[in-house]
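Single-letter residue listing:
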Amino acid sequence: MKKTKGSSFRFYATLFLSFLSFSFSRAFYLPGVAPRDFQKGDPLYVKVNKLSSTKTQLPYDYYYLNYCKPPKILNNAENLGEVLRGDRIENSVYTFQMLEDQPCKVGCRVKLDAESTKNFKEKIDDEYRANMILDNLPVAVLRQRRDGSQSTTYEHGFRVGFKGSYEGSKEEKYFIHNHLSFRVMYHRDQESDSARIVGFEVTPNSILHEYKEWDENNPQLTTCNKDTKNLIQSNTVPQEVEQGKEIVFTYDVSFKESEIKWASRWDTYLLMNDDQIHWFSIINSLMIVLFLSGM
């Protein structure tokens, strides 16, 4: 039996419409886009992203540096946009409990060898920033506006470290931000008493931690414990980056209620100002668009 052109057209049209209807039925939800409600005590898992710099434009994996690593590193990209941006999202050792402040938590202790010391110093020289994500919101550092305005602006991620000199010395040293003070902003639903995360801020600090005896299961620090009220004091010694030195990574977390609703939580992030224009990224994007248009 010979098929006519009309029957072939109807066959392919029916097949295309069936596939289209199936695609729409399966595409009503995009991972990472739908809001998530949290109750008090629910676990919150911080994910780490790539190391980025406006100075070199070359991204690196977060664990390229000798940071605290979980027992097993897993990729955790949740949506297509993260893949297209070239993000390298992985799990981390940073875990919180919703609406429960934690004054001081020890992440891990590492000893710097020659290679890790070199890597940290290079990334500090190139002004690299470490990026993290909580509930699909990137971590940000509060930034003071040059015009003196009181409006809130953010900077992407936090710097790996900084260069400075001790008092009375002209020799510059490298210091690492090994203590992170997180603040999670949330909006509470009065009807269900649940909360949604609307902001994720961090204040990085450099602290030379001290301890008497190291207990791997329950490390106790004299410079950071649950009873410490003011962790950062005027006489706090920063953590130097030098071969053979031990670095103890710590963090604390606090929660603050916000009037910002979940639908508007990206408004402040969209006002972020980078130090430099990413000309390399812009040119790269234009080249990709032209290439795809030509194809």
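Above this text sits the structure in question.
Now for a description of the structure that goes with this document. Predicted, not measured: the structure shown is a model, and the values here were computed from it.

With that settled, consider empty space enclosed by the protein. Scanning the model with the defined rule gives one cavity of 30 Å³ or more in all. Its boundaries defined by the atoms lining it, the largest cavity holds a volume of some 50 Å³. When residues of the lining of the largest cavity are traced back to their parent elements, those giving at least two are β11 (179-188) and β13 (246-257). Taken together, the residues that form the lining of the largest cavity break down as seven nonpolar, four polar and no charged.

We now examine the pairing of β11. Among the 10 residues that make up β11, seven are buried, leaving the element largely enclosed by the rest of the structure. Examined bridge by bridge, β11 and strand β12 (residues 195-205) share 10 bridges and lie antiparallel to one another. Opposite His179, over in β12, you have Asn205 as the bridge partner. Counted along the chain from β11 to the antiparallel partner β12, the turn is six residues long, and its residue Asp193 has a positive phi close to 60 degrees. Judged from the eight bridges that link them, β11 and β13 form a sheet pairing that is parallel. Bridging from a neighbouring strand, Met185 pairs with Lys256 of β13.

This brings us to helix α3 (residues 114-125). Between its first and last C-alpha, α3 extends 17 Å over 12 residues, near the 16 Å set by a 1.5 Å rise per residue. If you check which residues of α3 are buried, you get Ser116, Thr117, Asn119, Phe120, Lys123 and Ile124. Across the axial projection of α3, the buried residues extend over an arc of 165 degrees, all falling on one side. Packing partners of the buried residues in α3 comprise β9 (161-164) and β10 (173-176).

Next up on the list: the pattern of salt bridges. Tallied over the entire structure, the rule returns 15 salt bridges. When the shortest N-O distance is used, the salt bridge between Lys163 and Glu172 registers 3.6 Å. Salt bridges here are not isolated pairs; linked through shared partners, they connect Arg36, Asp135 and Arg265.

So, about the state of the cysteines. In this structure the tally under the stated criterion is two disulfides. Put simply, Cys68 and Cys108 are joined by a disulfide, and their sulfur atoms are 2.0 Å apart. One quick way to see it: the torsion about the S-S bond of Cys68 and Cys108 is about -90 degrees, and its sign makes the bridge left-handed. Placement of the pair is Cys68 in the loop between β1 (43-52) and α2 (80-84) and Cys108 in strand β3 (residues 102-111), with a sequence separation of 40 residues. Comparing Cys68 with Cys108, the two get one shared label, buried. One disulfide bridge connects Cys104 with Cys224, the sulfur atoms lying 1.6 Å from each other. One disulfide, between Cys104 and Cys224, carries an S-S torsion of 115 degrees and so falls in the right-handed class. Of this pair, Cys104 sits in strand β3 while Cys224 is found in the loop between β12 and β13, placing the two residues 120 residues apart along the sequence. By relative accessible area, which is 11% here, Cys104 ends up buried.

Rules used in this analysis
Residues numbered from 1 in each chain as written. Predicted model: local features only at pLDDT ≥ 70, side-chain atom pairs only at ≥ 80, totals over all residues. Heavy atoms only, no water. 1 Å grid on protein atoms, 1.4 Å probe; cavity = no way out; pocket = protein on both sides within 12 Å on 5 of 7 lines; lining within 4 Å. Points joined across faces, edges and corners; volume = space filled by probe spheres on them. Helix = DSSP H or I, 4+ residues; strand = E, 2+ residues; numbered from the N terminus. Nonpolar A, V, L, I, M, F, W, Y, C, P; charged D, E, K, R; others polar. Buried < 20%, exposed > 50% of the residue type's maximum accessible area, 1.4 Å probe, protein only. Pairing = 2+ DSSP bridges. Expected span 1.5 Å × (residues − 1). Arc of directions from axis to C-beta. Contact = heavy atoms within 4.5 Å. Salt bridge = Lys/Arg side-chain N within 4 Å of Asp/Glu carboxyl O. Disulfide = S-S within 2.5 Å.

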